[in-house]
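# Survey of secondary and tertiary structure
Listed below, chain by chain, are the residues.
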Amino acid sequence: MQPLIRAASLRGFGVLITELGGDPARLLDRFGIAADALEHDDDLLSITAHDRMLDATAEELDCPDLGLRLAERQDLTILGPVARAVASSATATEALDAAARFLFVHSPVLTISVDDDPWGRRGVVALTYRKEISESPYSPQAVELGLGVFYRVAVQLLGRSPGLRSVEIPHGPLSPVARYLDFFSADVKFNRPVAALCVDTRVLDSAFETADEDIRRAAVDHLTGAYPDPADSIATRVRRVVAESLPGAVPSLAEVARTLHLHPRTLQRRLVVVGTSFGQVVDDLRRDRAHRYITTTDLSFIQIADLVGFAEQSTLSHAVRRWFGVSPRQLRDSARLSF
């Protein structure tokens, strides 16, 4: 299954694109996103389509700061049910814990965490923002959108500057550096290993005026009951083990079961309970990886066959026709026309 993101991530997109002289409906259709997606925050979209649309739109409309402009139109509420748990937390640390624990509700391939300062500065920590690029390609505009919203949420909750010491961006500047300095009001460093906001450690102990323990507990209980973490599911765990073997031979069910400390029959039964099988998990993983490599890279089909665990290009071709009803070349050509 392709990784998803809530449509709330596009809040403000339609108005912004119209102001820039673009046609939001045409752009949505071009990337296979439902025309009414902008009206329903809780709709789920392919995060790859979402991100590719942002990058393509920025280029088409000559708007290199598109991600930052979109971030200026968003706030904590784009996180939907997660927002209540975050806003009602007592401190920044508690809010970050809630956001990190439940961000999968917004998108399962996005994560935030608190790490050491990459520059070794005393009294500074890095609030990192990551996307699992093994599941969906890197997107400069989407990273700037995510970092921008992260920063705006911090200001919103603290009611003041979040003690920002520097901003870490994994790519080079898309806009004049002055644009970043104006947005973040802090030093911005480019071509860094991971996207992050580096802040004073003391900020983590800052108290929130919106703190309410009863609301926080109710919100956490609701999230825990209504949104089981997909990372805990047996199908996801199997997919992760198989994914780690690629490129290379796909491990057998017995080998995966051994890695998960389960008997093979127990693993089979657990997969049946969640409506799948070992073969289906492997097939879904290959399908998703093949689609991503074919539609977002220039890798040869021989290379892609190896990356998804097929010994021959012909096997990849047969599988792609089964999955998508077209040849690998037709699938790639169609994707390029949309981009």
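Structure: above.
Now for a quick tour of the structure. (Residues numbered from 1 in each chain as written. Predicted model: local features only at pLDDT ≥ 70, side-chain atom pairs only at ≥ 80, totals over all residues. Heavy atoms only, no water.)

### Re the pairing of strand β7 (residues 195-200)
Taken across its six residues, β7 has six buried, putting it largely inside the fold. Direction of pairing for strand β4 (residues 124-131) relative to β7: antiparallel, over a ladder of six bridges. Pairing of A126 across the sheet is with C198, part of β7. Two strands pair when backbone bridges link them, and strand β5 (residues 164-168) and β7 are joined in this way by four bridges, in the antiparallel orientation. Each bridged residue has a counterpart across the sheet, and for S166 the counterpart in β7 is C198. (Buried < 20%, exposed > 50% of the residue type's maximum accessible area, 1.4 Å probe, protein only. Helix = DSSP H or I, 4+ residues; strand = E, 2+ residues; numbered from the N terminus. Pairing = 2+ DSSP bridges.)

### What to know about the pattern of salt bridges
One pass over the full model with this rule turns up 26 salt bridges. Among the salt bridges present, the one from R11 reaches D41, with a minimum N-O distance of 2.6 Å. Here the residue R11 occupies a position in the loop between β1 (4-6) and α1 (13-19), and D41 occupies one in the loop between α2 (24-30) and β2 (44-46), the gap between them amounting to 30 residues. R11 gets classed as partly exposed once you look at its relative accessible area, which sits at 25%. We note a salt bridge from E60 to R26, for which the minimum N-O separation is 2.2 Å. Separated by 34 residues along the polypeptide, E60 in helix α3 (residues 47-60) and R26 in helix α2 bring together distant segments of the chain. (Salt bridge = Lys/Arg side-chain N within 4 Å of Asp/Glu carboxyl O.)

### Things to note about the environment of R216
One can find R216 in helix α9 (residues 213-226). Taking relative accessible area as the criterion, R216 reaches 19% and is therefore assigned buried. A sequence separation of 129 residues divides R216 from A87, and the C-alpha atoms of the two residues are 8.0 Å apart. If sequence neighbours within four positions are ignored, R216 has contacts with A85, S88, S89 and E94. Among the polar contacts made by the side chain of R216, one reaches the side chain of E213 at a distance of 2.9 Å. (Contact = heavy atoms within 4.5 Å. Polar contact = N/O pair within 3.5 Å; in protein donor to acceptor, adjacent residues only side chain to side chain.)

### Some points on the side chain of R239
Structurally, R239 can be placed in helix α10 (residues 234-245). Accessibility expressed as a relative area gives 14% for R239, which makes it buried. Only 3.1 Å separates the side chain of R239 from the side chain of D288, close enough to count as a polar contact.

### Describing the sheet that holds strand β3 (residues 110-116)
An order of β3-β4-β7-β5-β6 is seen for the five strands of this open sheet, with the pairing classed as mixed. Single-partner strands in this sheet number two, and they are β3 and β6 (187-189). When the angles between neighbouring strand axes are averaged without regard to direction, this sheet yields 20°. Strands in contact with helix α8 (residues 177-184) are β5, β6 and β7; relative to β6, the strand with the most contacts, it is inclined by about 130°. (Axes fitted to C-alpha atoms, helices over the stretch in contact; angles between N-to-C directions.)

### Focus: the nonpolar core
Nonpolar side chains in soluble globular proteins generally cluster together in the buried interior. Core analysis: the biggest nonpolar cluster contains 76 residues, and L147, F184 and L197 have the highest contact counts within it. For this core, the element with the most residues is helix α7 (residues 140-158), which contributes ten residues. Apart from residues lying up to four places away in sequence, L147 is in contact with Y129, V167, E168, I169, F184, A195, A196 and L197. Counting 17 residues, the second-largest nonpolar core is a separate cluster that includes V238, V256, L260 and L262. (Core = buried A, V, L, I, M, F, W, Y, C linked by side-chain atoms within 4.5 Å.)

### So, the packing of aromatic side chains
Applying the stated criterion across every chain yields a total of seven aromatic pairs. Between the aromatic rings of Y151 and F184, the centroid separation amounts to 5.4 Å while the plane-to-plane angle is 65°, which identifies the pairing as edge-to-face. Linking Y151 in helix α7 with F184 in helix α8, this pair joins segments that are 33 residues apart in sequence. Given a relative accessible area of 11%, Y151 falls into the buried group. Taking the relative accessible area as the measure of exposure, F184 reaches 2% and is therefore buried. A network of ring pairs unites the aromatic residues Y151, F183 and F184 as a single cluster. (Phe/Tyr/Trp six-rings, centres within 6.5 Å; stacked < 30°, edge-to-face > 60°.)

### Details of the side chain of D117
Along the chain, the position of D117 falls in the loop between β3 and β4. Here D117 falls in the buried class, since its relative accessible area comes to 8%. A polar side-chain atom of D117 sits 2.7 Å from the main-chain amide nitrogen of R121. If we skip the residues at most four places from it in the chain, D117 touches V124, V125, A126 and C198.

### Here's the deal with the packing of helix α6 (residues 92-102) against α9
Between α6 and α9, the least distance of the axes is 11 Å, while the angle of their chain directions is 15°. By the angle between their axes, α6 is roughly parallel relative to α9. In terms of crossing hand, the pair formed by α6 and α9 is left-handed. On α9, the residues that touch E94, R101 and F102 of α6 are R216, V220, L223 and T224. Of the residues that constitute the contact of α6 with α9, the class distribution is three nonpolar, one polar and three charged. (Parallel < 35°, antiparallel > 145°, perpendicular 65-115°, else oblique. Left-handed = near helix turned anticlockwise from the far one by under 90°. Nonpolar A, V, L, I, M, F, W, Y, C, P; charged D, E, K, R; others polar.)

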